[in-house]
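Report on the structure
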Amino acid sequence: MHIIDNIRKDDKPIVVGILNVTPDSFSDGGKFNDVDRALKHVEEMIADGADMIDIGGESTRPGYEMISSEEEIARVCPVIEAVKKNFDIPVSLDTYKASVAEKGIAAGVDYINDIWGLKWDDEDIRRTMAEVVAAGQVGVIIMHNRWVTNYSSFINDCINDLNESLNLAEAVGIAKEKIILDPGIGFAKNVHDNLVMMNSLDKICKLGYPVLLGVSRKSMIGLTLDLPKDEREEGTIAANVFGLMKGCRLFRVHDVKKNRRALDMTYAMMTAY
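Report follows, based on the coordinates. (Residues numbered from 1 in each chain as written. Predicted model: local features only at pLDDT ≥ 70, side-chain atom pairs only at ≥ 80, totals over all residues. Heavy atoms only, no water.)

1. Comments concerning the packing of aromatic side chains
As enumerated under the stated definition, the model contains 4 aromatic pairs in all. The interplanar angle of 40 degrees and the centroid separation of 5.9 Å between the aromatic rings of Trp 116 and Trp 120 together place this pair among those described as tilted. On the basis of an interplanar angle of 90 degrees and a centroid distance of 4.8 Å, the ring pair of Tyr 151 and Phe 154 is categorised as edge-to-face. As far as burial versus exposure is concerned, Tyr 151 and Phe 154 are alike and both buried. (Phe/Tyr/Trp six-rings, centres within 6.5 Å; stacked < 30°, edge-to-face > 60°. Buried < 20%, exposed > 50% of the residue type's maximum accessible area, 1.4 Å probe, protein only.)

2. Thoughts on the sheet that holds strand 5 (residues 139-143)
Judged by pairing direction, the sheet is parallel, and its 8 strands sit side by side in the order 6-5-4-3-2-1-8-7 without closing on themselves. Two strands in the sheet have a free side with no partner beyond their single neighbour: strand 6 (179-182) and strand 7 (212-213). As paired elements, strand 7 and strand 8 (residues 250-253) share 2 bridges and run parallel to each other. Counted as the bridge partner of Leu 213 is Phe 251 from strand 8. Relative to the sheet, helix 10 (residues 256-270) contacts strand 1 (14-20) and strand 8, its axis offset from that of strand 1 by approximately 165 degrees. (Pairing = 2+ DSSP bridges. Helix = DSSP H or I, 4+ residues; strand = E, 2+ residues; numbered from the N terminus. Contact = heavy atoms within 4.5 Å. Axes fitted to C-alpha atoms, helices over the stretch in contact; angles between N-to-C directions.)

3. So, unusual backbone geometry
In this structure, Arg 217 is a non-glycine residue whose phi angle is positive, near 65 degrees. Of note, the phi angle at Asp 226 is positive, near 55 degrees, even though the residue is not glycine. On the secondary structure map, Asp 226 appears in the loop between helix 8 (219-225) and helix 9 (233-246).

4. What about helix 6 (residues 191-199)?
Burial in helix 6 covers these residues: Asp 193, Asn 194, Met 197 and Met 198. Along the long axis of helix 6, the arc covered by the buried residues comes to 140 degrees, so they all point the same way. The inward-facing, buried residues of helix 6 contact helix 5 (154-171), helix 7 (201-205), strand 7, helix 8 and helix 9. Its side-chain oxygen placed 3.1 Å from the backbone nitrogen of His 192, Asn 190 serves as the N-cap of helix 6. (Arc of directions from axis to C-beta. Polar contact = N/O pair within 3.5 Å; in protein donor to acceptor, adjacent residues only side chain to side chain.)

5. Some points on the layout of surface pockets
Size it by volume and the second largest pocket reaches roughly 190 Å³. For the lining of the second largest pocket, the elements supplying multiple residues, two or more each, are helix 6, helix 8 and helix 9. When its residues are assigned to classes, the lining of the second largest pocket shows 8 nonpolar, 3 polar and no charged. (1 Å grid on protein atoms, 1.4 Å probe; cavity = no way out; pocket = protein on both sides within 12 Å on 5 of 7 lines; lining within 4 Å. Points joined across faces, edges and corners; volume = space filled by probe spheres on them. Nonpolar A, V, L, I, M, F, W, Y, C, P; charged D, E, K, R; others polar.)

6. Things to note about the pairing of strand 4 (residues 111-114)
On strand 4, burial covers both faces: Tyr 111 and Asn 113 on one face and Ile 112 and Asp 114 on the other are all buried. In the sheet, strand 3 (residues 91-94) pairs with strand 4 via 3 bridges, with the strands oriented parallel. Residue Asp 94 lies in a different strand from strand 4, and its bridge partner there is Asn 113. Following the backbone out of strand 3, through helix 3 (residues 98-107) and into the adjacent parallel strand 4, one traces a crossover that is right-handed. In this structure, strand 4 lies alongside strand 5, joined through 4 bridges in parallel fashion. Bridge pairing in strand 5 links Ile 112 to Val 140. The β-α-β motif built from strand 4, the intervening helix 4 (residues 129-136) and the parallel element strand 5 has right-handed crossover chirality. (Right-handed = clockwise from strand over helix to strand, strands pointing away.)

7. What to know about the environment of Ala 238
Following the sequence through the fold, Ala 238 ends up in helix 9. Along the chain, Ala 238 and Gly 186 lie 52 residues apart, while their C-alpha atoms are 16 Å from each other.

8. Let's talk about the state of the cysteines
Within this structure, the stated rule accounts for 0 disulfides. Cys 248 supplies the cysteine sulfur nearest to Cys 205, a cysteine that is in no disulfide, at a spacing of 4.3 Å. Assessed through its relative accessible area of 17%, Cys 205 is described here as buried. (Disulfide = S-S within 2.5 Å.)

9. Let's talk about the pattern of salt bridges
For the coordinates displayed, the defined rule picks out 20 salt bridges. A salt bridge links Lys 257 to Asp 48; the shortest N-O distance between them is 3.8 Å. Of this pair, Lys 257 sits in helix 10 while Asp 48 is found in the loop between helix 1 (35-47) and strand 2 (52-56), placing the two residues 209 residues apart along the sequence. A relative accessible area of 27% places Asp 48 in the partly exposed class. Each of Arg 8, Asp 10, Asp 51, Arg 260 and Asp 264 takes part in a single network of salt bridges with overlapping partners. (Salt bridge = Lys/Arg side-chain N within 4 Å of Asp/Glu carboxyl O.)

10. Overview of the packing of helix 1 against helix 2 (residues 69-86)
It is the contact of helix 1 with helix 2, at a shortest axis distance of 10 Å, that shows an interaxial angle of 45 degrees. Viewed along their axes, helix 1 and helix 2 adopt a mutual orientation that is oblique. Helix 1 and helix 2 meet at a crossing whose hand is right-handed. In this structure, helix 1 contributes Val 35, Ala 38, Leu 39 and Val 42 to the contact, and helix 2 contributes Pro 78, Val 79, Ala 82, Val 83 and Asn 86. Split by residue class, the contact of helix 1 with helix 2 holds 8 nonpolar, 1 polar and no charged. (Parallel < 35°, antiparallel > 145°, perpendicular 65-115°, else oblique. Left-handed = near helix turned anticlockwise from the far one by under 90°.)

What follows is the structure, encoded as structure tokens:
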């Protein structure tokens, strides 16, 4: 049984609500960076149909300013502890730093959501991210990313990059059943790359792992439709519906209610025989 099979009783798509406890996230920075407001937002997202909450303490928007591990831990750990105390819902921690992941696991997270696919070298800890995840016996979301974007064969290169991350996981004993993949829309990809990746999601799904799609309000939508970040709701829903039809299983979103409804309607049509 895969770890995500415990999230829903049925087979409907899994909606992951985003909780940014940051002052500078591109979409909702500063809105939920204290515990009381964060808990209220989690309550709202659960009521709207969220199956899981993804907590992040450092913005990963284009041009973001990296913060210290200590500051990131101070932002996320009190919120993780409060969410786990008040709600019976799985929680993932959006971090690429092994030192932050270690503290987040101690605070109660169920998954580590790593935008660097286990490849970031955290100087604040001797263990690698893969080792921390293995020791903590939690799930891990491995996202595609890379430092150099000169692809020779775009989709094949992305698959090879993901396989490198999967090899790192296997080397330390992370079970296949604990791994989720993320194609990394918006990371190390231009607009055309992102659209090609969207149209090739079935190839990522064929790798044999559940796939999480994170497109909510991203620049792919803004640049394609020429819209600011607060007018990308329809584009987000369209991309998520398309992703579901391509085989994606989890969907990381800001607007839980409307994406929940759109995904459930799509799923109902896809499974009607």
